[in-house]
Every structure is written in C-alpha cells, then in structure tokens.
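Next come the chains, spelled out residue by residue.
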Amino acid sequence: MKMYRILLIFLATVLFCSVAEALLDGNSEQTVNVICKQTIDTTFCRSVFAKKLNTPSPSKKDLLNVTVAEAQRFSANTYFFISTLLRDAGDEKPRLQMCAEAYAIVNTAFTNAVSFFNQGIYNKILKLKDDVSTGVSICKTDFSVSGYKINPMIKKNREALVFTAMENIIGQMAS
Ligand SMILES: *[C@@H]1O[C@H](CO)[C@@H](O)[C@H](O)[C@H]1NC(C)=O
C-alpha cells in the first residue's frame, strides 16, 4: 500500500513536470515576455525576437544566439551611422566624435559576445555589461544633430542598453 502511494506521487510528479515543460516550450511567447519586461524598452526587445526567431519553440541558446548576433549588427551599424553624421556635422562634431568612440567600445563588447557565444562560454558574456554601460555613458545626447528634431543617439543609446540587458538576462538563463 505504501509502495503504491509513493509510486503514485512519483508518477504525478513526472506528469506534472512534463506538462509544465510542454507549456513552457509551446509558450515561448511567455519566455520572451519575461525577458523583455526586465529591459527598459519591452517593445524594442520583443521586435528583435519577432524579426529574427525562426523556430516556434526556441531554446535559451537560440534566444541568446539571436540576441548576440543582432546586438553586434546593431553596434556595427550604429558606428557606421555616426560616421555618416560626422560628414555633415558642424558645431556638434566633437560631441559626435565622442559617440563614435563610445560605439567603438560598444561594438568591441558586442563582437566579443558573439565570440564567447560561439565558444559556449556564456558567463563571459555577462561581464560585458560594464563595457557597454561605459561606452553608452561616453556618448552624451544633450546636443542637436542637424537634420534631426530629436538627437538620434538617444534612441541608439537606449537600444544598446536593451541589447546588453537581454544578453545578461538570457546569458544567466542559459549558463
Ligand atoms: C546561431 O544562428 C545562426 C544563424 O541562424 C546559425 O547558423 C548557427 O548555427 C547558430 N549557432 C548556434 C550555436 O546555435
């Protein structure tokens, strides 16, 4: 009788765990929400996954893969974008040059993240957060850029911080 009871509890536990697992897998949407709500721009975070995930039930590794790849693409594009702004820059040139320096740092960090991901050393990705924050803090945004109503670097800085938060959150989940 006692054995039977233990067996029943065991089976119930196994069943519960597999259902929970199945729900979690099928409901990747929920995982993405949990991740994105911890960032400063939920909409932007969700859009990164919406555009790039090619499986309905991605693993944490898949989520991290998309994140590091998109972060690196973003930082390289932003560095290039600043160089195009510098071409037409007037008074704002020195401030933009600071942003170029900042994004060289951010781009190095996000490039290292891709390389750490490929080597499977996820905990090293977590340490890049400080480099990104430092980089972003160098790019001040209290100046105007000709041709723009709002300094476009405000948006770029926010997105850089979202990417690094995503890498940190998923890096912790995956390691
Ligand atoms: C990461 O994503 C790329 C592009 O989708 C894919 O080719 C590569 O195999 C993925 N890497 C890992 C380790 O999952």
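Quantities reported herein were computed from a predicted structural model and do not represent experimental measurements. (Residues numbered from 1 in each chain as written. Predicted model: local features only at pLDDT ≥ 70, side-chain atom pairs only at ≥ 80, totals over all residues. Heavy atoms only, no water.)

Some points on the state of the cysteines
Inspection of every chain in the model, using the stated rule, returns 2 disulfides. Note on cysteine connectivity: C36 is disulfide-linked to C45, with sulfurs 2.0 Å apart. What sets the handedness of the C36 and C45 disulfide is the S-S torsion sign, and at about -70 degrees it is left-handed. For C36, a relative accessible area of 0% gives the class buried. Paired by a disulfide, C99 and C139 hold their sulfur atoms 2.2 Å apart. (Disulfide = S-S within 2.5 Å. Buried < 20%, exposed > 50% of the residue type's maximum accessible area, 1.4 Å probe, protein only.)

Overview of the environment of F81
Along the chain, F81 turns up in helix α4 (residues 60-87). In the structure, F81 is positioned 71 residues away from P152 in sequence and 9.9 Å away in space, judged by C-alpha atoms. Beyond its immediate sequence surroundings of up to four residues, F81 is in contact with Y148, P152, M153 and K156. (Helix = DSSP H or I, 4+ residues; strand = E, 2+ residues; numbered from the N terminus. Contact = heavy atoms within 4.5 Å.)

Structural notes on the side chain of N157
Its location among the elements puts N157 in helix α8 (residues 152-174). With relative accessibility at 8%, the residue N157 sits in the buried group.

Focus on the packing of α4 against α8
Packing of α4 against α8 brings their axes to within 9 Å, and their N-to-C directions diverge by 160 degrees. For the element pair α4 / α8, the angle class is roughly antiparallel. In this structure, the crossing between α4 and α8 has a hand that is left-handed. Every residue of α8 that contacts α4 at K60, L63, L64, T67, V68, E70, A71, F74, T78, F81, I82 and L85 is listed here: P152, M153, K156, E159, A160, F163, M166, E167, I170, G171, M173 and A174. Its residues assigned to classes, the contact of α4 with α8 comprises 16 nonpolar, 3 polar and 5 charged. (Axes fitted to C-alpha atoms, helices over the stretch in contact; angles between N-to-C directions. Parallel < 35°, antiparallel > 145°, perpendicular 65-115°, else oblique. Left-handed = near helix turned anticlockwise from the far one by under 90°. Nonpolar A, V, L, I, M, F, W, Y, C, P; charged D, E, K, R; others polar.)

Section: the site of the ligand
All residues adjacent to the ligand are K61, N65 and F117. Relative to its free-state accessible area of 360 Å², the ligand is covered by the protein chains to the extent of 34%. (Near = heavy atom within 4 Å. Areas by Shrake-Rupley, 256 points an atom, 1.4 Å probe, with all protein chains shown as cover.)

So, the packing of aromatic side chains
Centre distance and the angle of the planes are the two values used to describe a pair of aromatic rings. Under the counting rule described, the total for this entry stands at 6 aromatic pairs. Note on F81 and Y148: the rings are 6.3 Å apart at their centroids and 90 degrees apart in plane angle, and the pair reads as edge-to-face. You can see F81 sitting in helix α4 and its partner Y148 sitting in the loop between α7 (129-138) and α8, a full 67 residues away along the chain. A relative accessible area of 36% places Y148 in the partly exposed class. Each ring, one from F110 and one from F163, has its centre 6.4 Å from the other, and the planes form 75 degrees; the classification is edge-to-face. Of this pair, F110 sits in helix α5 (residues 93-119) while F163 sits in helix α8, and the two are 53 residues apart along the sequence. Just as F110 is buried, F163 falls in that class too. Following the ring pairs from residue to residue traces out a cluster consisting of F44, F74, Y103, F110 and F163. (Phe/Tyr/Trp six-rings, centres within 6.5 Å; stacked < 30°, edge-to-face > 60°.)

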